[in-house]
Amino acid sequence: MEEKGEASQPIEEMAENLVVVPNGGPAPDYGGGLTFSVVMSCLVAASGGLIFGYDIGISGGVSEMEPFLKRFFPHVLERMAEAKKGDNYCIYDSQALAAFTSSLYIAGLVASLVASRVTRALGRQAVMLMGGAFFFAGAALTGAAVNISMLIIGRMLLGLGVGFTNQATPLFVAEMAPPRWRGALTCGIQFFLTLGILIANIINYFTARVSWGWRVSLGLAGAPAVVIFVGALFLTDTPSSLMMRGQADRARAVLLRARGGVSAGVDAELKEISRTVKAALESEDGAFRRMTTRRGYRPYLVFAVALPVFTQLTGVIVLSFFSPLVFRTVGFGSDAALMGAIILGAVNMGSLLVSTLVIDRYGRKVLFMVGGVQMVICQIAIAWIMGTQLGKSGESAMARPYAVAVLVFTCLHSAGFGVSWGPLFWVVPSEIFPVDIRSLGQAINMAICLGLDFVQTQSFLAMLCRFRYATFAYYAAWVAVMTVFVALLLPETKGVPLESMDMVWKQHWFWKRFVQDEGKSAGAEMT
């Protein structure tokens, strides 16, 4: 029975406010367009991607600068001098040099796990502020470094900033955005990440011309840290986060402002948020045990692990880090290699804009398929060119047309990533987890991502030295596997409200047996 005094919608209006879940069932659409409050809040939060992007772009370029190598890694310079008579694949094979890049990710892994509890206790905004502060401190230390110890400690502070920020920003954007715009707005994180890479590559290109330029490149990492810190000061927390901390009145005010001041759909949406938060709080202490042991949570556990693992195995992360070194390996000079990295960043930016425009029209799975096929073709092409031109020994010189072809296929590979796994790595995890494990799911997602970042950045240069051109065939095989995995097992989430996301799992051909069984078990326990 409906309570008297509570405004009810006509049946026709309710029918108009239903969106169809891609796998067949309806889900409520609470309305809410792109208000100024939503756009600005999401853009400020998404600018946290600048932190990660700048670091990805700056590391590979600085690692290629001779004054930097001369001061900290002189043995690499000796190998470069002998490259003409030695093995081109192994010029940069240095565990110490790899540790300069990879040390950030061990700290980031720890920070992302700690951030899960901090986010639930203090909210998304506080964690973003902490991330900006840590990153600024790390930038100052690395820019002023006089020995490897200072470099590594500074990198670890940067890692704490990346871990905290990347845990909070996807949740903030997903919880603030209206369902029909959630994909495009969450893509903003990858947009700013890509922008950070491009800016870093441009800075590297110019600072490489002076002996102290590496200090400028590393120190300027403080600029994106200031952007996210100052921007976060003007944000209010999300309605879900406020409700989790018992601030219902503030949650309603924030949601009302975000939805344009129209209270009709706000009360219904807030009621649904309240219901999911209440369920989360009742079982808050067992989130990890519940996610890892209960059958109904099996889909969330699988994707919390699979998405970051597969994203890393596209190979684009190490190519983004080490693209200047890869281009030097195939025969480009220092300036040409840095310019190649700039071109790569610009292509990635363009592909991401395309993804942002179509993600909420065509859905997530189409982009995964298109990007996956494109990346497989490009990786195989790069492996073939490097195998036939540099040879198995790496002692052959690569002709300039083939070196340019490697650059072109690397850019096309990056474009494939930019329309698929790049933005969708942020979009899909931020929307598939129920609220009771949302912070934990995102923490696991980021911890695995940063842990594999460490493994890959620490091992890629050694892998290139030992596997040679087969390194790229290895990544191609993994992209083929993950494309099939997504085609079969990932439900489409386009336009589905977060509070109704369980519908897509209940209607999926494979996962419904797990989610429905859990529902039956829960019902049996209640009776």
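Notes on the structure in this doc start here. No experiment lies behind these values; they were computed from the predicted model shown.

### Considering the environment of Phe 134
With respect to the helices, strands and loops of the structure, Phe 134 is situated in helix H7 (residues 124-143). Taking the C-alpha atoms as reference, Phe 134 lies 9.8 Å from Thr 165; in sequence the two are 31 residues apart. When neighbours within four sequence positions are excluded, Phe 134 is seen to be in contact with Leu 157, Leu 158, Leu 160, Gly 161 and Phe 164.

### Looking at the environment of Val 210
For Val 210, the position within the fold is in the loop between helix H9 (182-207) and helix H10 (213-219). On the accessibility criterion, Val 210 (32% relative accessible area) is partly exposed. Expressed as a C-alpha distance, the spacing of Val 210 and Met 65, which sit 145 residues apart in the sequence, is 9.7 Å.

### Focus on the packing of helix H20 (residues 400-419) against helix H21 (residues 421-432)
It is the contact of H20 with H21, at a shortest axis distance of 4 Å, that shows an interaxial angle of 20°. Classified by the angle between their axes, H20 and H21 sit roughly parallel to one another. On H21, the residues that touch Phe 417, Gly 418 and Val 419 of H20 are Trp 421, Gly 422 and Pro 423. By residue class, the composition of the contact of H20 with H21 is four nonpolar, two polar and no charged.

### Details of helix H11 (residues 222-233)
Its 12 residues place the ends of H11 17 Å apart at the C-alpha level, agreeing with the 16 Å of an ideal helix rising 1.5 Å per residue. Structurally, H11 contributes buried residues whose contacts are with helix H2 (36-46), helix H3 (49-63), H7, helix H8 (148-176) and H10.

Conventions adopted
- Residues numbered from 1 in each chain as written.
- Predicted model: local features only at pLDDT ≥ 70, side-chain atom pairs only at ≥ 80, totals over all residues.
- Heavy atoms only, no water.
- Helix = DSSP H or I, 4+ residues; strand = E, 2+ residues; numbered from the N terminus.
- Contact = heavy atoms within 4.5 Å.
- Buried < 20%, exposed > 50% of the residue type's maximum accessible area, 1.4 Å probe, protein only.
- Axes fitted to C-alpha atoms, helices over the stretch in contact; angles between N-to-C directions.
- Parallel < 35°, antiparallel > 145°, perpendicular 65-115°, else oblique.
- Nonpolar A, V, L, I, M, F, W, Y, C, P; charged D, E, K, R; others polar.
- Expected span 1.5 Å × (residues − 1).

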